Amino acid sequence: LFRIIRDERGLAYEVDAANAVYSDAGTVAVSTASAPRHRGEIERVIIGEIEDLAANGVGADELAVAVGYLQGATVLGLEDPGSRMARLAGGELVGRTVPVAESLDGYAAVTSADLSRVAVEILTAPYAEVVVGPS
């Protein structure tokens, strides 16, 4: 989304995607900062990309890059004492701290079919739109 919306089309100053995961709920959020006149086109691009992901899934090459990124980010994140403590505290809150090797193996075990199944379930659900500023 960043590449398409910001780099290729110059529609926004900022593009971000994030998620929040809980035991029984969660969110997937896409946010942009742009001029109001670009809102409609940005919305069409975002919805188009989400629909494409839900319909076509992720290719093996893209999955390999994502897995490598997650594994690297996990290991590098452990170099910071604050991140290590936050990870351990999170484990205490849910009753189990997952060993790092188990997390890395779990990332590697994800298949394109797994991603497609979850993408259809999550990305075809109704969505909400929030606009801050002129609409």
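Before going into details, it helps to say that this report is about the structure given with it. These numbers were taken from a predicted model, which means no experiment stands behind them.

1. Here's the deal with the nonpolar core
Note on soluble globular proteins: their nonpolar side chains tend to be buried together. Formed by I4, I5, L11, A12, V15, I42, V45 and I46, the largest nonpolar core amounts to eight residues. Only α1 (2-8) and α2 (39-56) provide two or more residues apiece to this core. No other element matches the three residues that α2 contributes to this core. Setting aside anything within four residues of it in sequence, one finds L11 in contact with I5, S34, H38, E41 and I42.

2. A word on a nonpolar patch on the surface
Judged by side-chain polarity, V28, V118 and I122 come together as a nonpolar surface patch covering roughly 240 Å² of accessible area. Relative to the assigned elements, I122 resides in helix α6 (residues 112-123).

3. With respect to the pattern of salt bridges
This model, assessed by the stated rule, comprises six salt bridges. Note that E8 and R3 form a salt bridge whose closest N and O atoms lie 2.2 Å from each other. On the basis of relative accessibility, which here comes to 51%, the residue E8 falls in the exposed class. E41 is the partner of R9 in a salt bridge, and the nearest nitrogen-oxygen pair spans 3.5 Å. Residue R9 is located in the loop between α1 and β1 (14-21), and its partner E41 is located in helix α2; the two are separated by 32 residues in the primary sequence.

4. Here we look at the pairing of strand β2 (residues 26-33)
As defined by bridge partners, β1 adjoins β2 across eight bridges and the pair is classed as antiparallel. From the neighbouring strand, E14 faces β2, where its bridge partner is A33. Taken together, β1 and the strand that follows it, β2, pair antiparallel across an intervening segment of four residues.

5. A look at the packing of α2 against α6
The geometry of α2 relative to α6 is characterised by a closest axis approach of 7 Å and an angle of 135° between their N-to-C directions. Overall, the two elements α2 and α6 adopt an arrangement that is oblique. Note on packing geometry: the crossing formed by α2 with α6 is left-handed. On the side of α2, the interface is formed by I50, L53 and A54, while α6 contributes A119, V120 and L123. Its residues assigned to classes, the contact of α2 with α6 comprises six nonpolar, no polar and no charged.

About the thresholds
- Along each chain, the written sequence defines residue order, and numbers are assigned to residues from 1.
- Only residues with pLDDT of at least 70 get local features here, since the model is predicted, and only at 80 or more are side-chain atom pairs given and counted; chain-wide, interface and lining totals rely on the full set of residues.
- Side-chain numbers come from the whole structure's heavy atoms, not from hydrogens or water.
- For this analysis, a nonpolar core means a set of buried residues of the types Ala, Val, Leu, Ile, Met, Phe, Trp, Tyr and Cys, connected via side-chain atoms within 4.5 Å.
- Type-normalised accessible area, obtained with a 1.4 Å probe on protein chains alone, sets the label of each residue: buried when under 20%, exposed when over 50%, and partly exposed for intermediate values.
- Strands here mean DSSP runs of E at least two residues long; helices mean DSSP runs of H or I at least four residues long; both are numbered from the N terminus.
- Two residues qualify as a contact provided that any one of their heavy atoms is within 4.5 Å of a heavy atom in the partner residue.
- By definition, no residue in a patch forms a salt bridge, and every one has over 30% relative accessible area; like charges are joined within 9 Å, nonpolar side chains (Val, Leu, Ile, Met, Phe, Trp, Tyr) within 5 Å.
- Only the protein chains shown count as covering a residue, and every accessible area follows the Shrake-Rupley method with a 1.4 Å probe.
- Here a salt bridge means any side-chain nitrogen of Lys or Arg lying within 4 Å of a carboxyl oxygen belonging to Asp or Glu.
- In this scheme, strands are said to pair when DSSP sees at least two bridges between them.
- Only the stretch in contact is used when fitting a helix axis, every axis being a line fitted to C-alpha atoms; angles between N-to-C directions are given from 0 to 180 degrees.
- Oblique is the label for every angle not falling under 35 degrees (roughly parallel), over 145 degrees (roughly antiparallel), or within 65 to 115 degrees (roughly perpendicular).
- By convention the crossing between two helices is left-handed if the near helix lies anticlockwise of the far one by an angle smaller than a right angle, and right-handed if it lies clockwise.
- Charged residues are taken to be Asp, Glu, Lys and Arg, nonpolar residues to be Ala, Val, Leu, Ile, Met, Phe, Trp, Tyr, Cys and Pro, and polar residues to be all remaining types, Gly included.

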